[in-house]
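Each chain, written out:
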Amino acid sequence: MTGALSAREGTAADAVAGVVPRVVHTPSTRTECAEIFRATSAQGVAIAPMGGATERDLGAPPRRLDAVVSSLGLNRILEYAPPDQVVQVEAGVTLAALQDALAKEGQRLAIDPPDAARTTIGGLLATNAFGPLRTRYGSLRDVLIGISIVRADGSVARGGGKVVKNVAGFDLPKLMVGALGTLGMIEAATFRLHPVPETQTTMRARGLTAAQVRAIVAEMRERRLEPAAVVALGEGGAWDLFVRFEGFAAGVRQQRDRFAEAAGEVPCAADELSADDARLHRVRHDASRTSGSTCFKISALPAAFAWLAAEVLPPLEGVLEGASGVFYPTLGLGFLTGDAGDAGDAAITATIARARAALAPSRGSLVVQRCPLAMHATLDVWGPPPPAFPLMKRLKERFDPGGRLNPGRFVGGL
Amino acid sequence: MNPRELTSEISAIVGAKNCIVEASELGTYECDGLTSFRVAPQMVVLPKSEDEVAAVMRLAGEHGIPVVPRGAGTGLSGGALPAPGCILLGTSRMKRILDVDLENATMRVEPGVINLDVSRAVTAAGFYYAPDPSSQSVCTIGGNVAENSGGAHCLKYGFTANHVLGLRIVLATGDVVELGGPSLDLPGYDLTGVVVGSEGTLGVVTEVTLRLLRTPEATRTFFATFPSTDEAGDAVSAIIASGIVPAAIEMMDRLAIVAAKAATGLDWPDVGAALLMDVDGPIAEVEHTSESAVALVRKAGALAVRRPADDAERALMWKGRKSAFAAVGRISPSYIVQDGVIPRSEIAKVLREIAALAAKAGLRVANVFHAGDGNLHPLVLYDARAPGEEERAEALGGEILKLCVRYGGSITGEHGVGKDKAQYMGEMFSESDLDAMGKLRCAFDEGNLMNPGKVFPTPRLCGDRPGVYHPHPTELAGVAGRG
């Protein structure tokens, strides 16, 4: 047995959506990682790739699971070219470690989900994680320029490249974003970076109705403001809106003042957060996203926010205890978290089904990102498969003919 | 099926006048913007609707006839070059804007809509569509989706892929598939992201949901001249390093400036290099960044910095840049356009190496390109009438691409691989990389009927579909199960 295959026994702490693996491999090089896949290919060993395990319960319980392959040993920054604003990293590097290295050069990866200290680059990509900065900079698909994956048979395939502009070959990088390790294990990725802004400020408007939130967003657009982040935090139908402006001092000052004008039109009062309060806001944002046993990710048309808040959210809040919402109103995306209450799994499942039906006409969706494991028995966390599902199934069969990569965990049992 | 039967069946679908088989009329379609490759298709079909596309594809699929999609035919990599015996499927009649949703800043269009017409439809309301290939007044959205087209302003705003939210496509089987949609993050694989830039090898796009942007409050433009591309390259690096994200920075070298002057009558000076730069955004931000950028440009050794007096002069400056490819026709009977990408910090070095390669080949190379993202457009000038010169020009073009890959770059930044650069894919990608891409392709098009011969250096056979379970007869009879 080679060193690459050395593994420890899996324990309950290693479970993936409640399923405990027989073994856990932690390769320390990419070569070893590929070797694990190659050596276990013939036996069809079922593998779940794993990073910082912040989303270990995302998705349905795998149909079978023999081994977890951890990326935590793959923790090198492979190439960083500050003048080109490009970085290539191994999958196990945590987001916080990467941002620290980039900050030394005045740069950053413009992706800011909660829990950066634990979240790894591979996990980030596999789950399509994002935070408030998506408002301005887009999601991982917009900043990922290259990828390297280990395929089910242990071969290594790369797509994209190391330059920000490149259309050679199929876009494997985008295919891997959000694919939850069902097409291959991400071993390294290359990103385009952004400069850390000279300055930033966060404006706040409190106690708004959803219609007022929408009105401020429309006023900002009318004034052609370019916020870096727009976040609405809400409990029980009242929303606090936080709008961050970034850039050079003169521009940030002007946008701040014009935001106050925009709020005045609604009308509502707005104030500027102190640096300490801006940090507290970030803590509250992250806590809202990560607390509670249950988390619904909701996607709708951005302009439908008032409708969403009036029609779709209240019944969902009704089945959660201590429900708390984090919405990104310019994107139409948000999260509702809380503890699954006493409503009963059947009632929760029915409520979710009604919300999905309401969202479906505009291709909106509700994904249960997190829930008590027992709920999986009655609940499809992904919801009805999308229209292109047959194509997705064929793709999965081509990439993973033996069905050994996270089998059954993804949309429609892929 | 014999050709006459095929013509009759296709005519029944799209109407006889939209099924072109006369040799004299097929000539128009035997190449795209890359005129050095020419193949006549078996027929050209111009459907009007998704239903018609699906019916044509189903028929072609049943009879194993390859299909090559074509938009406006402005592509520069031979992506719309007909395959021998193919049906060339033109989307020029599918040009309706289906829906404009300004509240959500989206627009749904058919593939034959012209790029610039998308922006024109929403200009009055203060919106625009960001990707701006130089051919934007004639090229179609369907073609842009196929090529993942860029343009000067994608440095700040991204490429077509960043502005497409959803698609409808028809597969080689005739099946219609909906991908993505107006809401974000539809669960499942990001097949929208995969189809954008797939160069018509996965299916025919019949509908596109685009993201619109609010027109920036202000734009500031300047034109700076330099003794050589060395100083101009340094200026680009300094601007980027300062944290400014320009909307566009374009560079032209001496030869390109001469050509642009000849074509537009602009009074640009005779200098070694020039930069044309836009910054846009909220007004105070833009005032600050344009002042800083001008200071950096002067520090890097600019000879002069000129700012347009008004919108008309600004438009003229950009016209000089955008017409540069065609303008090269004024100083050379023929030219090859390359589209390699390099890390932007290496611009000055790579341009010197290109000059050395050109001198060795005894040819001239003009450079006009997107400096901010390192996307070079070397124009290899030659005279096709001079014996051996075309071959030397093609060899030089290939050397330049290999040079880009050696510097860690790409063989194509926005024009696509097409027929033109398929032979260079192996410079960038290993056999294993290409195999993964081949697997993806097989999931969409098992029969290799969609735009065959493009992107990949060698055709890839899909073989049996894996993972498909064939039940044992006893199982079917209910005698045994799978447990």
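Residues numbered from 1 in each chain as written. Chains lettered and ligands numbered in written order. Predicted model: local features only at pLDDT ≥ 70, side-chain atom pairs only at ≥ 80, totals over all residues. Heavy atoms only, no water.

A. Structural context of the overall build of chain B. A count of helices and strands for chain B gives 17 helices and 18 strands. Relative to the compact-globule value of 23 Å for 483 residues, chain B shows a C-alpha radius of gyration of 24 Å, a close match. In terms of its C-alpha atoms, chain B occupies a principal-axis envelope of roughly 85 × 60 × 50 Å. Counting all 483 residues of chain B, 60% fall into the buried class. (Helix = DSSP H or I, 4+ residues; strand = E, 2+ residues; numbered from the N terminus. Rg over C-alpha atoms; globule rule 2.2 N^0.38 Å. Buried < 20%, exposed > 50% of the residue type's maximum accessible area, 1.4 Å probe, protein only.)

B. How the structure looks around the packing of aromatic side chains. Tallied over the full model, the rule gives 11 aromatic pairs over all chains. Ring plane angle 85° and centroid distance 6.4 Å describe the contact between B:Tyr128 and B:Tyr157, whose orientation is recorded as edge-to-face. Of this pair, B:Tyr128 sits in strand β7 (residues 127-128) while B:Tyr157 sits in helix α6 (residues 154-157), placing them 29 residues apart in sequence. Across this residue pair, the class does not change: B:Tyr128 and B:Tyr157 are buried. Each residue in the set A:Phe130, A:Tyr328 and A:Phe335 is aromatic and connected to the rest through ring pairs, giving one cluster. The residue whose ring lies beneath A:Arg151 is A:Phe399, and the NZ or CZ to ring-centre distance is 5.9 Å. One residue, A:Arg289, lies across the ring of A:Phe335, its end atom 4.0 Å from the ring centre. (Phe/Tyr/Trp six-rings, centres within 6.5 Å; stacked < 30°, edge-to-face > 60°. Lys NZ or Arg CZ within 6 Å of the ring centre and 35° of its normal.)

C. Here's a closer look at the nonpolar core. By size, the foremost hydrophobic cluster in this structure holds 131 residues, and its most contacted members are A:Ile121, A:Leu175, A:Phe191 and B:Phe444. Excluding residues within four positions of it along the chain, A:Leu175 makes contact with A:Leu183, A:Leu395, A:Phe399, B:Tyr189, B:Leu191, B:Val194 and B:Leu440. Ranked by size, the runner-up nonpolar core spans 46 residues in total, among them B:Phe222, B:Val279, B:Ala361 and B:Tyr382. (Core = buried A, V, L, I, M, F, W, Y, C linked by side-chain atoms within 4.5 Å. Contact = heavy atoms within 4.5 Å.)

D. Examining helix α4 (residues 115-122) of chain B more closely. All names here are of chain B. Taken residue by residue, α4 has Asn115, Leu116, Val118, Ser119 and Val122 as its buried positions. One side of α4 holds all its buried residues, which, seen down the axis, span an arc of 150°. Those residues of α4 that are buried lie in contact with β5 (97-101), β6 (106-109), β7, α5 (141-147) and β10 (204-211). (Arc of directions from axis to C-beta.)

E. Molecular detail of the pairing of strand β16 (residues 294-299) of chain A. With 6 of 6 residues buried, β16(A) is to be regarded as a mostly interior element. Every second residue of β16(A) is oriented toward a common face, with A:Thr294, A:Phe296 and A:Ile298 on one face and A:Cys295, A:Lys297 and A:Ser299 on the other, all of them buried.

F. Focus on the state of the cysteines. Per the stated rule, a full pass over the model turns up 1 disulfide over all chains. A disulfide bridge connects B:Cys442 with B:Cys462, and the sulfur atoms are separated by 2.0 Å. The chirality of the disulfide connecting B:Cys442 with B:Cys462 is left-handed, given an S-S dihedral of about -90°. Here B:Cys442 is found in helix α16 (residues 431-444), whereas its partner B:Cys462 is found in the loop between α16 and α17 (473-476), with 20 residues between them in sequence. Each member of the pair, B:Cys442 as well as B:Cys462, carries the same accessibility label: buried. The closest cysteine sulfur to the non-disulfide-bonded A:Cys295 is located on A:Cys371, 10 Å from its own sulfur. The exposure class of A:Cys295 is buried, given its relative accessible area of 2%. (Disulfide = S-S within 2.5 Å.)

G. Representation of the environment of B:Lys419 within the structure. Residue and element names in this part refer to chain B. Summarising the element assignment, Lys419 is placed in the loop between α14 (389-406) and α15 (425-428). A relative accessible area of 35% means that Lys419 is categorised as partly exposed. A sequence separation of 11 residues divides Lys419 from Ser430, and the C-alpha atoms of the two residues are 19 Å apart. Here Lys419 is in contact with Phe37, Ser77, Gly78, Gly79, Leu81, Gly453 and Lys454, once residues within four sequence places are set aside.

H. How the structure looks around the interface of chain B and chain A. Taken residue by residue, the interface counts 96 residues in chain B and 75 residues in chain A. Here chain B packs against chain A, burying approximately 7200 Å² in sum over the two surfaces, 56% of which is carbon and sulfur. Among the residues of chain B in contact with chain A, B:Asp185, B:Pro187 and B:Tyr189 are the three that bury the most area, contributing 11% of the side total. One salt bridge in this structure joins A:Lys165 and B:Glu414, with 2.8 Å as the shortest N-O distance. Those elements that provide at least two residues to the side of chain B that touches chain A are α6, β9 (176-180), α7 (191-195), α10 (283-299), α15 and α16 of chain B. (Buried area = accessible area lost by both parts, 1.4 Å probe. Salt bridge = Lys/Arg side-chain N within 4 Å of Asp/Glu carboxyl O.)

I. Up close: the sheet that holds β9(B). Residue and element names in this part refer to chain B. The sheet built from 5 strands is open, its strands ordered β5-β6-β10-β8-β9 with antiparallel pairing. Only two strands of the sheet have a single neighbouring strand rather than two, namely β5 and β9. This sheet shows a mean twist of 10° between the axes of neighbouring strands, independent of strand direction. Strand direction decides the pairing type here: β6 and β10, joined by 4 bridges, are antiparallel. If you follow Met107 over to β10, its bridge partner there is Leu210. (Pairing = 2+ DSSP bridges. Axes fitted to C-alpha atoms, helices over the stretch in contact; angles between N-to-C directions.)

J. Structural detail: the packing of helix α1 (residues 3-14) of chain B against helix α3 (residues 50-62) of chain B. Residue and element names in this part refer to chain B. Packing of α1 against α3 brings their axes to within 9 Å, and their N-to-C directions diverge by 165°. Accordingly, the angle class assigned to the pair α1 and α3 is roughly antiparallel. As α1 packs across α3, the resulting crossing turns out to be right-handed. Residues Leu6, Glu9, Ile10, Ile13 and Val14 of α1 touch α3, and the partners they reach there are Glu52, Ala55, Val56 and Leu59. Along the lines of polarity and charge, the residues of the contact of α1 with α3 split into 7 nonpolar, no polar and 2 charged. (Parallel < 35°, antiparallel > 145°, perpendicular 65-115°, else oblique. Left-handed = near helix turned anticlockwise from the far one by under 90°. Nonpolar A, V, L, I, M, F, W, Y, C, P; charged D, E, K, R; others polar.)

K. Geometry of empty space enclosed by the protein. Tallying each qualifying case throughout the model produces 3 cavities of 30 Å³ or more. When its volume is computed, the largest cavity comes out at roughly 60 Å³. Lining the largest cavity are A:Gln85, A:Arg192, A:Leu193, A:His194, A:Pro195, B:Leu155, B:Ile240, B:Ile244, B:Val245, B:Pro246 and B:Arg344. Residue composition of the lining of the largest cavity, by class: 7 nonpolar, 2 polar and 2 charged. (1 Å grid on protein atoms, 1.4 Å probe; cavity = no way out; pocket = protein on both sides within 12 Å on 5 of 7 lines; lining within 4 Å. Points joined across faces, edges and corners; volume = space filled by probe spheres on them.)

L. The arrangement of the packing of helix α8 (residues 229-241) of chain B against α10(B) in detail. All names here are of chain B. As a packed pair, α8 and α10 sit with axes 9 Å apart at the nearest point and diverge in direction by 145°. Our pair here, α8 against α10, has a crossing hand that is right-handed. When α8 is examined against α10, the residues Ala235, Ala238 and Ile239 are found in contact with a partner set consisting of Ala293, Leu296 and Val297. Tallied by class, residues from the contact of α8 with α10 come to 6 nonpolar, no polar and no charged.

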